[in-house]
Amino acid sequence: MTRNPNDELLHRVQTIRVALRHGRPSPHKPLLLLLAIGRHFSGQQRLIAYGEIEGDLNGLIRRFGLPDSRENAHYPFWHLTNDRLWELDRPDLVRTTTSGDPYLSDLREHDIRGGLTQDFVYALDSNPDFSWRVVGNLLSTYFPPSLHQNILESVGLVGRVGPSWPVGTMPRQDARDPRFRQAVLQAYMSRCALCELDVQVAGQPIGIEAAHIKWHCAKGPARVDNGMALCVLHHKFFDAGLFTVLTDFTVLVGGLASGNSVQESLNKYGGSVLQVIPERSDQRPAANFLRWHEEAVFKA
Ligand SMILES: [Zn+2]
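Residues numbered from 1 in each chain as written. Predicted model: local features only at pLDDT ≥ 70, side-chain atom pairs only at ≥ 80, totals over all residues.

**Q** What's the story with the confidence of the model for the protein in this structure? I'm lost.
**A** For any part of a model where pLDDT is low, the fine detail of the predicted coordinates should not be relied upon. Looking at the protein, the pLDDT average stands at 90 and 93% of residues meet or exceed 70. The spread of mean pLDDT over the elements of the protein runs between helix H11 (residues 262–265), the lowest at 78, and strand S5 (residues 113–116), the highest at 98. Predicted confidence is poor over residues 163–175, with pLDDT under 50, and the contacts of this stretch with residues over four places away or in other chains come to 17 contacts. (pLDDT = per-residue confidence, 0-100. Helix = DSSP H or I, 4+ residues; strand = E, 2+ residues; numbered from the N terminus. Contact = placed C-beta atoms within 7 Å.)

Here's what the structure looks like:
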């Protein structure tokens, strides 16, 4: 059976090789792809010098990467070529270490340029549905839904891909279990575990979500003890690693967030125990999931 060339390209996207750390796939390569796709749709040249993309990519790694990720944008810039979605113009000028990593100085000094492969760019341009699937796939495979819009904004992709693409309607591979939401909200009496926010309209909670502690995309199960009811804002903060919850349910706030209202919205909860904890002990957050969040997501 002959394969549609776009299916072949999508398959490459779905099978990019990434390191697994703390059970979470490292998002360096996906972030580079999203950044390059965003640049492409804003009309920029296909090949870009390493020095020009380094700052942006490192910024994305800092915000959306693992807490202990080093900002080594040169790794994905170099290694993504192996996944046949990215190419470099003069790779022969770059020396590599014994483990195959490029010398950062060579990339900078020789102004090595890299970009999405021609066939990939062609497919992006000729088929909006393909672009939509590529971007949706990268987001749902590596990041929790609460961060998708922030990532799209950061790479300049909001409103650019797909025929009409309201955020939140992206193709998701994770058909969520509505029972999870219901069970989590019930265990927390539909209140935000952090701030106790409890808003109802006509008897239905609004603005309260069931967060996965260990992300669904990191194979966290849809179980109440891997869930926490959080308001929309605190759900986003939790997934962005701005705070975590220790195994004794003490809240730990990181130092990454800044802004006028940080004290009001976050810092004041640091050091205290969660405001809402399920009565039944088997519904409380399980220690192994909390530890995962602290290691793989929390930005101390
Ligand atoms: Zn809240």
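More follows now that the structure is in view.
**Q** I'm lost on the domain arrangement of the protein in this one. Help?
**A** How big an interface is tends to be stated in terms of accessible area lost as the parts join. Along its sequence, the protein is organised into domain 1 (5–154) and domain 2 (178–296). When the residues that make up the side of domain 1 that touches domain 2 are grouped by side-chain class, the tally is six nonpolar, five polar and one charged. (Domains from an automatic or database assignment. Nonpolar A, V, L, I, M, F, W, Y, C, P; charged D, E, K, R; others polar.)

**Q** Hey, could you run me through helix H10 (residues 232–239) in this one?
**A** One full turn of an α-helix is made of 3.6 residues, so residues set three or four places apart face in the same direction. Turning to H10, its buried residues are His234, His235, Phe237, Phe238 and Asp239. Looking at the buried positions of H10, the neighbouring elements they touch are strand S8 (208–212), strand S9 (227–231) and strand S10 (243–245). Of the residues trailing H10, glycine 241 is marked for its positive phi of about 80°. (Buried ≥ 20, exposed ≤ 12 C-beta atoms within 10 Å, placed from the backbone.)

**Q** How do you make sense of the nonpolar core when you look at a structure like this?
**A** Soluble, globular proteins show a tendency: their nonpolar side chains are buried together. Among the nonpolar cores identified, the biggest contains 68 residues, and Leu34, Ala193, Ala229 and Leu230 are the most heavily contacted of them. Sort the elements by how many residues they give to this core and helix H2 (residues 28–41) lands first, with seven residues. Among residues more than four places away in sequence, those in contact with alanine 193 are Tyr188, Met228, Ala229, Leu230, Leu274, Gln275 and Val276. (Core = buried A, V, L, I, M, F, W, Y, C linked by C-beta atoms within 7 Å.)

**Q** Any chance you could explain the environment of cysteine 217 here in plain terms?
**A** Its location among the elements puts cysteine 217 in the loop between S8 and S9. We classify cysteine 217 as partly exposed; it has 19 C-beta atoms within 10 Å. Along the primary structure cysteine 217 and leucine 124 are separated by 93 residues, whereas in three dimensions their C-alpha atoms are 25 Å apart. Setting aside chain neighbours within four positions, we find cysteine 217 in contact with Ser140, Thr141, Tyr142, Phe143 and Pro144.

**Q** Mind showing me how you'd approach the sheet that holds strand S4 (residues 86–88) here?
**A** Neighbouring strands of a sheet are bound in pairs by backbone hydrogen bonds; such pairs are parallel or else antiparallel. Strand order in the open sheet formed by three strands is S3-S5-S4, and the pairing between neighbours is antiparallel. Across the chains shown, the open sheet's two edge strands, defined by having one partner strand only, are strand S3 (48–49) and S4. Across two bridges, S3 lies against S5 in antiparallel orientation. Counterpart to alanine 49 in the pairing with S5 is arginine 113. (Pairing = 2+ DSSP bridges.)

**Q** Honestly, the packing of H2 against helix H3 (residues 50–64) in this entry has me stumped. Any pointers?
**A** Each packed pair of helices is defined by two parameters, the angle between the axes and the distance between the axes. Taken N-terminus to C-terminus, the directions of H2 and H3 make an angle of 130°; their axes are 10 Å apart at the nearest point. With respect to each other, H2 and H3 are oriented oblique. Considering the relative orientation of H2 and H3, their crossing is right-handed. Contacts between H2 and H3 involve His28, Leu31, Leu32 and Leu35 on the former and, on the latter, Ile53, Asp56, Leu57, Leu60, Ile61 and Phe64. Considered class by class, the residues forming the contact of H2 with H3 number eight nonpolar, one polar and one charged. (Axes fitted to C-alpha atoms, helices over the stretch in contact; angles between N-to-C directions. Parallel < 35°, antiparallel > 145°, perpendicular 65-115°, else oblique. Left-handed = near helix turned anticlockwise from the far one by under 90°.)

**Q** Sorry if this is basic, but what is going on with the pairing of S5 here?
**A** Within a regular strand, the side chains alternate between the two sheet faces. Strand direction decides the pairing type here: S4 and S5, joined by three bridges, are antiparallel. Following the sheet pairing, tryptophan 86 is matched in S5 by leucine 116.

**Q** For this particular structure, what's the right way to read the pairing of S8?
**A** In terms of burial, S8 is largely enclosed, as five of its five residues are buried. Burial along S8 is two-sided: Ile208, Ala210 and His212 and Glu209 and Ala211, pointing in opposite directions, are all buried. Taken together, the five bridges between S8 and S9 define a ladder with antiparallel strand orientation. Within S9, the residue paired with glutamate 209 across the bridge is leucine 230.

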